[in-house]
Amino acid sequence: PVYAFVLLAYMHLLPYAGSGPLWQGDAEGQSASAFGDAEVCASKWWTNLLYVNNVVGGERKGTSGCMGWSWYLANDMQFFAVSAMVVPWFPRAPRTVVGFFCAAVAGSAVVAGAISHARGADITTIDGPHSQYIYGNPFCRCGAYAVGVLQGIWWHLETRRRAEREAGPASGAGRPPAKAWRPAAVALYLLSAAALAVLYALPWSNFAPGGLLDMAHRNWPQPAKDLFNALSRPLFAAALGGVAHCMLAGGGGIVRELLSAKVWEVLGKLSYGAYLWHLVLIIVLFSSVVDYRAFSRVDLIVDYLAVCLGALVLSYLSFLLVEKPFMNLEGALMARLLGQGGEARRKRRGPTIGDGQLQEPLMDPTAAPADAEAGEGSDTSHQSTAAAERFNGQPSRNGLEHS
C-alpha cells in the first residue's frame, strides 16, 4: 500500500511541487515527474505494482523505468517469491535446496563477470555499461540474496544443534553448554569485518588522480574489473552475514550493544518508507534550482541532513496514514479467519510461519509446541486476539527475546 501511495504521489502530485529551468514539464505542469519518466509512468505504472518493472518495459525498465530507484523492490520481491517456493522443501531435501542456492550464487557470479567482460564495464555505477547491464540486473543480484538464504539455513541448523547439545541425551545428564563466543567465532567476526573493509577500500585503488568522475583513466585492467564485478556483491553479503552471525551468537561486545539499541527498531520501521520518499525529495531539491550552485561541503552536509530528515518525516506520516491502517485490517481479517475453524486446521498441521509459532521450534527445537502447552481446551477467542496482536506488529515476549 505504501508503495502504491508513493507511486500515486510521484505521478500526480510531484509535478506541482517544483519549478525552474531544470524542471521537466509542460506549460501546464502536467509532467509525471521531474525525473524524465512521464511517458513510461503513464503506460507502465502497473509493472511497479506487480514488481516486474525490472524486466518489463523494454529499454525503459529497471533504473530507467518509472520511479527508477524502485528496481530493487522488484528484484527483492522476485527473489523472495522463488525462495518461498524452495526453502520449505529443506526438511525433505536439504542437499537439493542448498545446492539450488549455491548454484544461484555461482551462476550470478558467472553472469556478472561475463557481462562485464563483454561490455567492458567498470566497477562503478556511474559507468554506462555497468549501470545499464549489471547494476539492476536480477541475474547479477540474485547471488547476494542466495548467500543470505544459505546463511539463514546455517544459523537455523547451528541453533538446533546447540539446543540439542544443551539439552543432552534423554537417558543421561546434559552436556555442558557450548560457549557462544568461541575462538572460531572471533576469527569469523574479524575475517568478516576485514572483508567488509577491503571491499569498501579496494575500489579506490582503481581511480585515477582525477577522482571518481575521471572515467577516461582507470588503474585496473579489464580482467580485474570483471572479477570484482563478479564476486564483490556475493562476498559483501557473506562478510556482512558473518558479522551478523557472530552478533546473534552473543559476541561482538560493544558493537553488538550499539546495534541492539532500541533506536534502530524505530528507524527499521521507517526505513522502507524513507527509501521510497528520499529520491522524490532529491528531485524536488535539485530540479528546482534557478542558478548554478558553487560546491560547498557545508551545503552538501546540510542537503544530506535535510533529505534524510524529510524522508523520515514523510515515512512516518505514510506509516500512520497508510501502512498501519492496512496492518490493522490485515490483523482483523486473519483473526476472523483463525476464529472460524482456522484454529482446528492449524492444530492438525502443526505450527507454521503464517501462525507465528515457528519461531520457538527454530530457536529451541526441544521445546514443546505452544498448542501442547496450552492444552486441548484453548479458548478460540484468546487465539484470535493473539493472532491479531501478531499481525499488528506486536511480537510475543519470546519473539522479542529471540530477536
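Here the structure is a predicted model, which is why all the values come from computation and not from measurement.

What counts, and at which threshold
- Residues numbered from 1 in each chain as written.
- Predicted model: local features only at pLDDT ≥ 70, side-chain atom pairs only at ≥ 80, totals over all residues.
- Heavy atoms only, no water.
- pLDDT = per-residue confidence, 0-100.
- Helix = DSSP H or I, 4+ residues; strand = E, 2+ residues; numbered from the N terminus.
- Contact = heavy atoms within 4.5 Å.
- Salt bridge = Lys/Arg side-chain N within 4 Å of Asp/Glu carboxyl O.
- Buried < 20%, exposed > 50% of the residue type's maximum accessible area, 1.4 Å probe, protein only.
- Disulfide = S-S within 2.5 Å.
- Patch = residues over 30% accessible without salt bridge, like charges linked within 9 Å, V, L, I, M, F, W, Y side chains within 5 Å.
- Areas by Shrake-Rupley, 256 points an atom, 1.4 Å probe, with all protein chains shown as cover.

Below, the discussion takes up the confidence of the model for the protein chain. Interpreting fine coordinate detail is not advised for predicted regions of low pLDDT. This prediction gives the protein chain a mean pLDDT of 78; 74% of its residues lie at or above 70. By mean pLDDT, the top-scoring element of the protein chain is helix 4 (residues 94-119) (95), and the lowest-scoring one is helix 15 (residues 397-402) (37). Note on residues 170-180: pLDDT is under 50 here. Beyond four places in sequence and across chains, it has nine contacts. Confidence over residues 352-403 falls short of pLDDT 50; this stretch has 62 contacts with residues more than four positions distant or in other chains.

Moving on, we get to the pattern of salt bridges. Going through the model one piece at a time under the given rule, you end up with three salt bridges. Here K262 ties to E265 by a salt bridge, and the two come within 3.5 Å at their closest N and O atoms. A relative accessible area of 61% means that K262 is categorised as exposed. Residue R293 is joined to D303 by a salt bridge in which the shortest nitrogen-to-oxygen separation is 2.9 Å. Here the residue R293 occupies a position in the loop between helix 10 (263-287) and helix 11 (297-349), and D303 occupies one in helix 11, the gap between them amounting to 10 residues.

On to the state of the cysteines. Counted by the stated rule, this structure contains one disulfide. A sulfur-sulfur distance of 2.0 Å marks the disulfide that ties C41 to C66. In this structure, the disulfide formed by C41 and C66 twists by about 95° around the S-S bond and is classed as right-handed. Placement of the pair is C41 in helix 2 (residues 38-49) and C66 in the loop between helix 2 and helix 3 (71-86), with a sequence separation of 25 residues. Since its relative accessible area comes to 0%, C41 is described here as buried. For C66, a relative accessible area of 3% corresponds to the buried category.

Moving on to a nonpolar patch on the surface. Where nonpolar side chains cluster on the molecular surface, the patch consists of I254, V255, L258, L259, V263, W264 and L267 and spans about 670 Å² of accessible area. Where the nonpolar patch is concerned, the elements lending two or more residues are helix 9 (254-259) and helix 10. One can find V255 in helix 9. V255 gets classed as partly exposed once you look at its relative accessible area, which sits at 32%.

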